[in-house]
Amino acid sequence: MSGNEIDNLVVPQGLERLSRLSKLKKLDLRGNLCNNSILSSVARLSSLTSLHLSHNILQGSIDAKEFDSLSNLEELDINDNEIDNVEVSRGYRGLRKLKSLDLSGVGIRDGNKLLQSMGSFPSLNTLHLESNNFTATLTTTQELHNFTNLEYLTLDDSSLHISLLQSIGSIFPSLKNLSMSGCEVNGVLSGQGFPHFKSLEHLDMRFARIALNTSFLQIIGESMPSLKYLSLSGSTLGTNSSRILDQGLCPLAHLQELYIDNNDLRGSLPWCLANTTSLRILDVSFNQLTGSISSSPLVHLTSIEELRLSNNHFRIPVSLEPLFNHSKLKIFDAKNNEINGEINESHSLTPKFQLKSLSLSSNYGDSVTFPKFLYHQHELKEAELSHIKMIGEFPNWLLENNTKLEFLYLVNDSLAGPFRLPIHSHKRLRFLDVSNNNFQGHIPVEIGDILPSLVYFNISMNALDGSIPSSFGNVIFLQFLDLSNNKLTGEIPDHLAMCCVNLEFLSLSNNSLKGHIFSRIFSLRNLRWLLLEGNHFVGEIPQSLSKCSSLKGLYLNNNNLSGKIPRWLGNLKGLQHIVMPKNHLEGPIPVEFCRLDSLQILDISDNNISGSLPSCFYPLSIKQVHLSKNMLHGQLKEGTFFNCSSLVTLDLSYNYLNGSIPDWIDGLSQLSHLNLAHNNLEGEVPIQLCRLNQLQLLDLSDNNLHGLIPSCFDNTTLHESYNNNSSPDKPFKTSFSISGPQGSVEKKILEIFEFTTKNIAYAYQGRVLSLLAGLDLSCNKLVGHIPPQIGNLTRIQTLNLSHNNLTGTIPLTFSNLRHIESLDLSYNKLSGKIPRQLVDLNTLAIFIVAYNNLSGKIPEWTAQFATFNKSSYDGNPFLCGLPLPICRSLATMSEASTSNEGDDNLIDMDSFFITFTISYVIVIFGIVVVLYVNPYWRRRWLYLVEMWITSCYYFVIDNLIPTRFCH
């Protein structure tokens, strides 16, 4: 009757009928809407042995007397209610048979009071107190010593005081199992006076948070000598030194299972671990432990069945020869350690173990031969040997010898040669990943018949050629198929498209496949991710894909597809990624795209897309929009991208967009990369761009923008010290996972973004793109001074303000651009000197100030400035100094040629114009005075003027006015 939302109006009538069932043993009312009045109703069911009332709305105080009539009750579950007290009167004699009580997730805060209440249940064997908050300090009372039969106590995910933990040993002398995973223990734990848990066999403290002033393992070793199971995974061990293992593990001679993974332990394993001869399971993974297992206590643990060493720094021989005597070993996991070959490896010894699961991987180490001991293994179900430089071919014998093998991973192992399969069919293998090797030749045509049970097959990043075998169509359970990054040719087999009805992920990208994508025969209705980029497919996007109602990702870029973008794509409501750049698609963007509420990536750049952007296109989950290099026109309408607060990248460059940059642009609060270059945009650069706090790359070049450059860009992440909430170097990649029987498989797609820097257009992707920052306002009609605040954009690597009408001087603040690599201020009307402080820009590789009105001496010809040639300064006639001609003083040219007095001998243009004007006025004034004083010279001057006027008159009459003739 659980989970039916039964309330107190229904229960009494129903229970009255149930009370007629005199032998009713179990009643389950979990997940309903019953309150405290339900207790009086169930009291009539005297035959009950099990009662479940969890996840109801019981609240307040519960009196144990309400259960008096349930004398046979053995199990009571009232967890996840709002009970703040369990009232048990002194001398209470009811519920004598109660063995299991669950009070998890209730509202009781006083652990002392709760345990006092429980002291009247002498048969209690199991007590669940998970997810509680016992903050009060415990005081031991007589009632607490009645728990002589309690063996199982669970306190998972609770908050409690240390006094409760210290008293448990004396309160529960028969306790065998104590679970405190995820607990937060307040107070300071001390080893002195810690009680003995003489019967405790199972202690689970995974991810527990506890403050220590001594080694917790030492306390465990001294007070819990009977422990068989100990889990301290992800717990606070007080210190990260492995020496704490010496102090605590030695006394635990009966230990059978030990989990101390995820603790950042360092050093080597203690030798006293060899004393735990009964140890069956050892997990020390995800630490920083070191040393060779050949000279470690692991050699002596001959009873070990499961050994997990992954993600440490152990040195492990690929032969596993030090463990050959471990006859009971079934599971060995040593991923991400140092795997190496043994110089003195014995070829005559054979291992005594028969492994069921083997995991070895390493990202460093020398080349090794394929492990020989695997020839003697016949019980393997899972084998992973990845990221190891191994010499050899694909071990098809491993499949022949292990008929139970289900999972085989040989990723990035440098294996080479042909990809040969066993002769006989292997019907157990479900997961096979041999990606990123050097396999050559064809994929065996009979692969679908030899491996008919495959669910996951990945052979990407090899050098395979030939066609795709049609026998893949016989693998009817296949869900994941990745043949990308090979040299495959031909077409997609019809048999694959018709019979792999369970296929969810298909990647054939970066091959040399041709023809149409799919024929009319198509049954891949469960397809979720289709990656076909980097091939030679032709024709239109097939109509058959409209049947894939679960499609999430469509990658068709870098092909020769033509035709219009299908309107039916808008009906695939689950689409998240549409990536189809570098094709020959044409026509408008379908208005049906406005229905794609889950869309995250839209990339149809480098096609022949025309028309305007749909005004209704503003998917709330959109992160990337790439529409560059098309023929889009019109204005950026108000509805387009409206309130797309998750949009990170917007690239509309190389189109025919007009109008102004809209004011609503600041609504794109997460926008980081904005490229509107090479359009016909007009108006001013809006200050709303400064409100894009995450902006780190802005390209507005090659438009018709005018007005001033905003001075507020230092409000964005272009300013290195700007306090933003997101990481400035977050990777620009998109990942998605495909769920399968063995967990999820993650695929990563790197975003590509084109930006011009150092006068070259580069395509950036991945982490490089996340680090790129720049501002390009070149080839516009901007006027006014360069704002000095631009010098505060200390993150940028590229600044291009060339081909505008900017005036004034180069701001001194540009010396703050310590990451700048390319600075282009050419083709403007800048004047004044080049600031000498720019010499300190050690990363500067491109510096161009050509065709301005700059004057004075070029900064000292050292460091980066010694790499710039004359072309950087062309069109500035008043500049001097290397690499231009040496500066000379107008007063003392000879001295200037032999002295190096810096700016004191330079031509100051302001002084030059002032002195020239004064000299001109003095000369004119002198002539006037002379003519006024001397009448002879005055007459001669007037005569010359008259003769000059007369000569000019007749010259005009004779040469410039046409002659007229009368008839």
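In this text the structure is predicted, and so the values were computed from the model without any measurement. (Residues numbered from 1 in each chain as written. Predicted model: local features only at pLDDT ≥ 70, side-chain atom pairs only at ≥ 80, totals over all residues. Heavy atoms only, no water.)

S.K.: Mind showing me how you'd approach the confidence of the model for the protein chain here?
M.R.: Close reading of the predicted structure is inappropriate where its pLDDT is low. Averaged over every residue, the pLDDT of the protein chain is 84; the share at 70 or more is 84%. Averaged pLDDT values for the elements of the protein chain fall to 40 in helix α11 (residues 893–898) and rise to 97 in strand β20 (residues 306–308). In the predicted structure, residues 890–906 sits below a pLDDT of 50 and forms 16 contacts with residues beyond four places in sequence or in another chain. Throughout residues 963–967 the model reports pLDDT below 50, and contacts reaching past four residues in sequence, or to other chains, amount to zero contacts. (pLDDT = per-residue confidence, 0-100. Helix = DSSP H or I, 4+ residues; strand = E, 2+ residues; numbered from the N terminus. Contact = heavy atoms within 4.5 Å.)

S.K.: Hey, could you run me through unusual backbone geometry in this one?
M.R.: For residues that are not glycine, phi is negative in most cases, and the peptide bond is trans in most cases. Cis geometry marks the peptide bond from Leu 882 to Pro 883; its omega dihedral reads 10°. Within the fold, Pro 883 resides in the loop between β66 (878–880) and α11. Despite not being glycine, Ser 131 shows a phi value in the positive range, around 55°. In this structure, Ser 131 sits in the loop between β7 (126–128) and β8 (133–134). The phi angle at Asp 264 is positive, at roughly 60°, despite the residue not being glycine.

S.K.: How should I be thinking about the state of the cysteines in this particular structure?
M.R.: Note: disulfide means a covalent bond formed between the sulfur atoms of two cysteine side chains. Evaluation of the coordinates by the stated rule reveals three disulfides. In this model Cys 594 forms its disulfide with Cys 616; the gap between the sulfur atoms is 1.9 Å. Since a negative S-S torsion denotes a left-handed disulfide, the Cys 594-Cys 616 link at about 70° is right-handed. Separated by 22 residues along the polypeptide, Cys 594 in the loop between β43 (584–587) and β44 (601–603) and Cys 616 in the loop between β45 (608–611) and β46 (624–626) bring together distant segments of the chain. By relative accessible area, which is 28% here, Cys 616 ends up partly exposed. (Disulfide = S-S within 2.5 Å. Buried < 20%, exposed > 50% of the residue type's maximum accessible area, 1.4 Å probe, protein only.)

S.K.: Got a minute to help me understand the packing of aromatic side chains in this structure?
M.R.: Pairs of aromatic rings are described using the distance from one ring centre to the other and the angle between the two planes. Scanning the model with the defined rule gives 21 aromatic pairs in all. Their ring planes at 20° and their centres at 4.7 Å tell us that Tyr 827 and Tyr 851 sit as a pair that is stacked. Taken together, the residues Tyr 827 in the loop between β62 (822–824) and β63 (829–832) and Tyr 851 in the loop between β64 (846–848) and β65 (853–857) connect sequence positions 24 residues apart. Grouped by ring-pair contacts, the aromatic residues Phe 394, Phe 419, Phe 439, Phe 457 and Phe 472 constitute a single cluster. We note Lys 629 situated over the ring of Tyr 654; from NZ or CZ to the ring centre the distance is 5.8 Å. (Phe/Tyr/Trp six-rings, centres within 6.5 Å; stacked < 30°, edge-to-face > 60°. Lys NZ or Arg CZ within 6 Å of the ring centre and 35° of its normal.)

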